[in-house]
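What the coordinates show
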Amino acid sequence: MRGCIHHRHPCCSFALAFAVFFVTTGAPEAATSPEARATARRLGRDIGFEDPSGKAMASFHAALKRARTGKGKARIVFYGASHTASDLFTGVVRRELQKRFGDAGHGFVLPARPWNAYRHDDVVIQGTNTWRADRVGKSDSVQDGWYGLAGVSVASNRPDDVGILSTGTGPIGRKVDTFELWYLRQPGGGTLEVRLDGRRVRRLSTAAPEKVAAYALFKTRDGPHSLEVRPVGDGEVRVFGVLMERRRSGVVLDTVGIPGSRAVHHLQWNDLLYREHLSRRRPDLVALAYGTNEAGDDDVPIEDYERQLRQVIT
């Protein structure tokens, strides 16, 4: 993590403060621009952050500058509980940053809904609702920790299951030229069929002697597109997510929240896979927007909460 900053107060206003902070600061020289002030009035007020060095956000500001000048991407991975999982305020942050610094794609999305209310701004998610979702804290999940970047995976061995991701019609996210499918290869793994704009482009075998993360890249022309994944039915296929990006400069914000989650849940994911996925995203900023659910954990001493949160950040 090249840029990380945290706040001491374990409440949900932290997440909202982060959203305002992203949009209103942008790059240092733009902090007092009329546009920034107008955005601040729309979204709320600035809230101070603990940053003894005064440099914690420097690499993120540098990434935004690269994006604005057409020299690269600024990447954000945004973790949190239900308020993040809904992609409501993070969707606003994504739109505002992409309007100012460039639309480099939507980012990381699951191709099938792991819960009924799963959504992402400016992406159309379609398909069957019979995929199995595995994640920390869900009693009927496979408790192996192989949850990947988002802390949740979807799996199926049913040939009638399907997951489809399509670009939307909003002001941001209407174009994509690169899809990357992240999935698991495992003993007994089945075949996964992939279709681009309705046309079959590949069949992927997910069988392997042992569990290992795998990736499949699909490139197309920049524009509106859809990616579809279907189990063939010859064994279980398990998918971590799909990247929807563009081969151009700009901002990418991955919303990876889980309803009811707590920061400590990060310690229960398979660490090697977690590190592989997070480093593969090369984030310039990682946001941890937790506290809403922890606020009700009266049986957890604040000292334990602080120790666990420090361990998560480390």
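Here goes a summary of the coordinates provided. Every value quoted in this text rests on a predicted model; they were computed, and no experiment measured them.

What to know about helix α6 (residues 271-281)
Each α-helix turn comprises 3.6 residues. Residues three or four places apart therefore point the same way. Here α6 has its buried residues at L273, Y274, H277, L278 and R281. End-on, the buried residues of α6 take up no more than an arc of 120 degrees, which puts them together on one face. Away from the buried face of α6 by more than 90 degrees, exposed residues L272 and R275 are located. Buried-residue contacts for α6 involve β1 (73-80), β2 (105-109), β7 (176-185), β10 (212-223), β12 (237-245) and β13 (250-257). Measuring from the side-chain oxygen of the N-cap residue of α6 to the backbone nitrogen of L272 gives 3.2 Å; that N-cap residue is N270. Phi turns positive, to about 50 degrees, at R282, one or two residues after α6.

Regarding the sheet that holds β13
Taken in spatial order, the three strands of this open sheet run β13-β1-β14, and their pairing is parallel. Strand pairing shows two members of the sheet lacking a second neighbour, β13 and β14 (285-289), which therefore form its edges. When strand polarity is set aside, the average angle formed by the axes of neighbouring strands in this sheet is 15 degrees. Sitting on the sheet, helix α5 (residues 89-101) is in contact with β1 and β13, with an inclination near 170 degrees to β13.

Comments concerning helix α7 (residues 302-313)
Between its first and last C-alpha, α7 extends 16 Å over twelve residues, near the 16 Å set by a 1.5 Å rise per residue. As for α7, its buried residues are in contact with β14.

Some remarks on the pattern of salt bridges
Any two side chains of opposite charge can pair, so long as their charged atoms come close to each other. One pass over the full model with this rule turns up 29 salt bridges. Between R238 and D144 there is a salt bridge, and its shortest N-O distance comes to 2.8 Å. Pair noted here: R238 is in strand β12 and D144 is in the loop between β4 (132-135) and β5 (152-156), with a separation of 94 residues, a long-range link. Two residues, D177 and R247, come together in a salt bridge whose shortest N-O distance is 3.6 Å. Placement of the pair is D177 in strand β7 and R247 in the loop between β12 and β13, with a sequence separation of 70 residues. According to the relative accessible area criterion, R247 is partly exposed, its value standing at 49%. If you follow the salt bridges from partner to partner, you end up with R132, D134, D144, K211, E236 and R238 in one network.

Conventions used here
- Residues numbered from 1 in each chain as written.
- Predicted model: local features only at pLDDT ≥ 70, side-chain atom pairs only at ≥ 80, totals over all residues.
- Heavy atoms only, no water.
- Buried < 20%, exposed > 50% of the residue type's maximum accessible area, 1.4 Å probe, protein only.
- Helix = DSSP H or I, 4+ residues; strand = E, 2+ residues; numbered from the N terminus.
- Arc of directions from axis to C-beta.
- Contact = heavy atoms within 4.5 Å.
- Polar contact = N/O pair within 3.5 Å; in protein donor to acceptor, adjacent residues only side chain to side chain.
- Pairing = 2+ DSSP bridges.
- Axes fitted to C-alpha atoms, helices over the stretch in contact; angles between N-to-C directions.
- Expected span 1.5 Å × (residues − 1).
- Salt bridge = Lys/Arg side-chain N within 4 Å of Asp/Glu carboxyl O.

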